[in-house]
Amino acid sequence: MSKKMSRMISLLVLPQQQQIYPCRLPTIHTRAANSVSESQRKWKIGFKAPRRLVLGLGASFWSQFMSMPGRARGKYHIALARQKGVIEEVLKNVDWPQQFPFKEEDFQRFDESPDSLFYDAPRFVTHIDDPAIAALTKYYSKVFPPSNTPGICILDMCSSWVSHFPKGYKQACIVGLGMNEEELKRNPVLTEYVVQDLNLNPKLPFEDNSFDVISNAVSVDYLSKPIEVFKEMCRILKPGGLAIMSFSNRCFWTKAISIWTSTGDADHVMIVGSYFHYSGGFEPPQAVDISPNPGRSDPMYVVFSTKASTA
């Protein structure tokens, strides 16, 4: 290992946990994929990589998949999802395995100390850069119900002091659920809030069919019990209700799950899509790349789904 790489890894594990790092360390000789092939959509994972030990240097799902016996062995490069149009293809016509393909170890974190300690002190910072924030706000403005629509209730899950909702956006019911009370108190868009650690208790404290929209900005990568949480999301959404998971490639590295820190952007889309698929009750998930300036500012991706009307 080079001195430069050793220094990068040592910086990541220093106890400066308020720094937000790229969720995946840069690897050598990677380039953006031009397309997602049909075979790549047949997501039959058959590898047992020690992801938690690779410190973010693990190979992409896709490259692992393409190396399986019987698959095409042509040139393949890890998808960094910088080219527009790639992300939108990732979740189309996926041949999902019958069983959820991840193991318990995939949801371990480098820092397994209680999350309540990590989030005890408020952090009045933003986790993505200004162009990415603007892109997310613009996306919300397109898909949210109009401001002040009677009967609308929104849950901002894993919320903090800012939700990146459109300026002046209001509903009679906007609930924030997060880890730090001081941050939630500061959030001007919320009408009420709940302090809860979803990694300890994934049971959402709301009635069935309560919400029209659930948003989760740059926090899905911290969920260690995602299937339980997504089942709860489905339960509390109204039929036809919308769930929006947005994320970038930056995170509190030591608290993100290992399957996230050891994979790339296109893989993250597939991971979140799998949560919707295997939790049941959702329409097939879709993905969109809302990155404002690919290669020049933080990327921004959305995976979304609606609750099936028969769920």
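Only a predicted model underlies this, so the values are computations on that prediction, with no experimental measurement involved. (Residues numbered from 1 in each chain as written. Predicted model: local features only at pLDDT ≥ 70, side-chain atom pairs only at ≥ 80, totals over all residues. Heavy atoms only, no water.)

Q: It is not clear to me how the confidence of the model for the protein chain should be interpreted in this structure. Could you clarify?
A: Low pLDDT means the predicted coordinates in that region are not meant to be read closely. For the protein chain, mean pLDDT is 80; residues scoring 70 or higher make up 73% of the total. Under a pLDDT of 50 for its full length, residues 1-18 has, in the predicted model, 22 contacts with residues more than four places off or in other chains. Low pLDDT (under 50) marks residues 24-81, which in the prediction has 126 contacts with non-local residues, meaning those over four places away or in another chain. (pLDDT = per-residue confidence, 0-100. Contact = heavy atoms within 4.5 Å.)

Q: Any chance you could explain the pairing of strand β9 (residues 301-306) here in plain terms?
A: A regular strand places its side chains on the two faces of the sheet in alternate fashion. In terms of burial, β9 is a largely internal element, five of the six residues being buried. Direction of pairing for strand β6 (residues 237-247) relative to β9: antiparallel, over a ladder of six bridges. Across the sheet, A243 pairs through a bridge with S305, a residue of β9. Inspection of the sheet shows strand β8 (residues 286-289) paired to β9 by four bridges, in the antiparallel sense. In the strand pairing of β9, D289 is matched with Y301. (Buried < 20%, exposed > 50% of the residue type's maximum accessible area, 1.4 Å probe, protein only. Helix = DSSP H or I, 4+ residues; strand = E, 2+ residues; numbered from the N terminus. Pairing = 2+ DSSP bridges.)

Q: Please explain the pattern of salt bridges as it appears in this structure.
A: Close approach of charged atoms allows side chains of opposite charge to pair. Within the structure shown, the criterion is met by 10 salt bridges. Among the salt bridges present, the one from K255 reaches D111, with a minimum N-O distance of 3.9 Å. With K255 in the loop between β7 (250-251) and α9 (258-261) and D111 in the loop between α4 (86-90) and α5 (115-118), the pair connects residues that are 144 residues apart, well separated along the chain. With a relative accessible area of 1%, K255 lands in the buried category. According to the relative accessible area criterion, D111 is buried, its value standing at 14%. Several salt bridges share partner residues, and in doing so they unite R109, D111, E112, D115 and K255 into one network. (Salt bridge = Lys/Arg side-chain N within 4 Å of Asp/Glu carboxyl O.)

Q: What exactly am I supposed to notice about helix α6 (residues 130-143) here?
A: Residue pairs three or four apart in sequence face the same way in an α-helix, which turns once every 3.6 residues. Relative to the 20 Å expected for 14 residues at 1.5 Å per residue, α6 spans 20 Å between its end C-alpha atoms, a close match to the ideal helical length. Of the positions making up α6, those classed as buried are A132, I133, A135, L136, Y139 and Y140. Seen from one end, α6 has its buried residues packed into an arc of 160°, which puts them on one side. α6 presents D130, K138 and K142 as exposed residues on the side facing more than 90 degrees away from its buried surface. By the N-cap criterion, in which a side-chain oxygen at the helix start approaches the backbone nitrogen of a residue two or three places on, α6 is capped by D129, the distance to A132 being 3.1 Å. (Expected span 1.5 Å × (residues − 1). Arc of directions from axis to C-beta. Polar contact = N/O pair within 3.5 Å; in protein donor to acceptor, adjacent residues only side chain to side chain.)

Q: Looking at this model, I keep getting lost on the nonpolar core. Mind explaining?
A: Within soluble globular proteins, side chains that are nonpolar generally end up buried alongside one another. One finds V220, M233 and F276 to be the most contacted residues of the largest nonpolar core, which totals 45 residues. Among the elements that line this core, the one with the most residues is helix α10 (residues 265-279), at eight residues. Counting residues in hydrophobic clusters, the runner-up holds 26 residues, among them I133, Y140, L242 and V288. (Core = buried A, V, L, I, M, F, W, Y, C linked by side-chain atoms within 4.5 Å.)

Q: Explain the packing of aromatic side chains to me, please; I cannot follow it from the model alone.
A: The way to describe two aromatic rings as a pair is by their centre distance and the angle between their planes. Taken as a whole and assessed by the stated rule, the structure comprises 19 aromatic pairs. For the ring pair Y140 and F144, a centre distance of 4.6 Å and an interplane angle of 20° mean the geometry is stacked. Since its relative accessible area comes to 7%, F144 is described here as buried. An angle of 85° between the planes, with centres 5.4 Å apart, marks the rings of Y140 and F165 as edge-to-face. Pair noted here: Y140 is in helix α6 and F165 is in the loop between β2 (153-159) and β3 (173-178), with a separation of 25 residues, a long-range link. Here Y140 matches F165 in class, with each residue buried. By the ring-pair criterion, three or more aromatic residues cluster together here, those being W96, F100, F102, F107 and Y278. The ring centre of F118 lies 4.2 Å from the NZ or CZ of R123, which sits over that ring. (Phe/Tyr/Trp six-rings, centres within 6.5 Å; stacked < 30°, edge-to-face > 60°. Lys NZ or Arg CZ within 6 Å of the ring centre and 35° of its normal.)

Q: Explain the sheet that holds strand β5 (residues 211-217) here, please?
A: Strand pairing in a sheet relies on backbone hydrogen bonds, with the paired strands running either antiparallel or parallel. An order of β4-β3-β2-β5-β6-β9-β8 is seen for the seven strands of this open sheet, with the pairing classed as mixed. Lying at the two open borders of the sheet, with one neighbouring strand each, are β4 (192-195) and β8. Adjacent strand axes in the sheet meet at a mean angle of 20°, parallel and antiparallel pairs treated alike. Contacting β5, β6, β8 and β9, α6 crosses the sheet at an angle of about 165° to β6. In this fold α10 packs onto β6, β8 and β9, with an angle of close to 15° to the strand it touches most, β9. (Axes fitted to C-alpha atoms, helices over the stretch in contact; angles between N-to-C directions.)

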